[in-house]
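Spelled out from the first residue to the last, the chains are:
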Amino acid sequence: MADWAPVVVGVVLFVLLQPGLLFQLPGNNKQLEFGSMKTNGKSIAIHTLIFFAIFAILILAVHIHIYTG
């Protein structure tokens, strides 16, 4: 019986927080751009920090668990 929560949460957050897919912070031309499909080094760093913060809160603080079997 494995705990699939870290895998599922990680994949969902990775897809949703890709810089340029839904939003990009900071953008290439503005502070916040939506759906630009382009990225830069600053936005990759910011989105990595956002991913880590949300992932840590959901897995460690909220104790989300998904068991199979």
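As shown above, the structure is provided for reference.
Residues numbered from 1 in each chain as written. Predicted model: local features only at pLDDT ≥ 70, side-chain atom pairs only at ≥ 80, totals over all residues. Heavy atoms only, no water.

Asks: Please explain the overall build of the protein as it appears in this structure.
Replies: A count of helical and extended segments in the protein gives two helices and two strands. Secondary structure elements in the protein, listed N-terminal to C-terminal, are α-β-β-α. A globule of 69 residues ought to have a C-alpha radius of gyration of about 11 Å, yet the protein, at 14 Å, is considerably larger. Along the first, second and third principal axes, the C-alpha atoms of the protein reach 50 × 20 × 15 Å. Counting over 69 residues, the protein shows a buried share of 20%. Counted over contacts in the protein with a minimum sequence separation of 6, partners at least 24 positions apart contribute 47%. Accessible surface, the protein: about 4,900 Å² in total, of which carbon and sulfur atoms supply 75%. (Helix = DSSP H or I, 4+ residues; strand = E, 2+ residues; numbered from the N terminus. Rg over C-alpha atoms; globule rule 2.2 N^0.38 Å. Buried < 20%, exposed > 50% of the residue type's maximum accessible area, 1.4 Å probe, protein only. Contact = heavy atoms within 4.5 Å. Areas by Shrake-Rupley, 256 points an atom, 1.4 Å probe, with all protein chains shown as cover.)

Asks: What exactly am I supposed to notice about the side chain of Glu33 here?
Replies: One can find Glu33 in strand S2 (residues 33–34). Lacking a salt bridge, the buried Glu33 has Lys30 as its closest oppositely charged neighbour, with an N-O distance of 6.5 Å. A polar contact of 2.7 Å, which involves the side chain of Glu33, links it to the backbone nitrogen of Asn29. Within the structure, Glu33 has its side chain in polar contact with the backbone nitrogen of Lys30 (distance 3.4 Å). Ignoring anything within four residues of it in the chain, the contact list for Glu33 reads Leu22, Phe23, Gln24, Gly27 and Asn28. (Lys, Arg positive; Asp, Glu negative; His and termini not counted. Salt bridge = Lys/Arg side-chain N within 4 Å of Asp/Glu carboxyl O. Polar contact = N/O pair within 3.5 Å; in protein donor to acceptor, adjacent residues only side chain to side chain.)

Asks: Explanation requested: a nonpolar patch on the surface in the structure shown.
Replies: A cluster of nonpolar side chains, contributed by Trp4, Val7, Val8, Val11, Val12, Phe14, Val15, Leu16, Leu21, Leu22, Met37 and Ile66, occupies part of the molecular surface with about 1,100 Å² of accessible area. Note that Phe14 resides in helix H1 (residues 5–16). A residue is classified by how much of its surface remains accessible, and Phe14, at 55% relative accessible area, is exposed. (Patch = residues over 30% accessible without salt bridge, like charges linked within 9 Å, V, L, I, M, F, W, Y side chains within 5 Å.)

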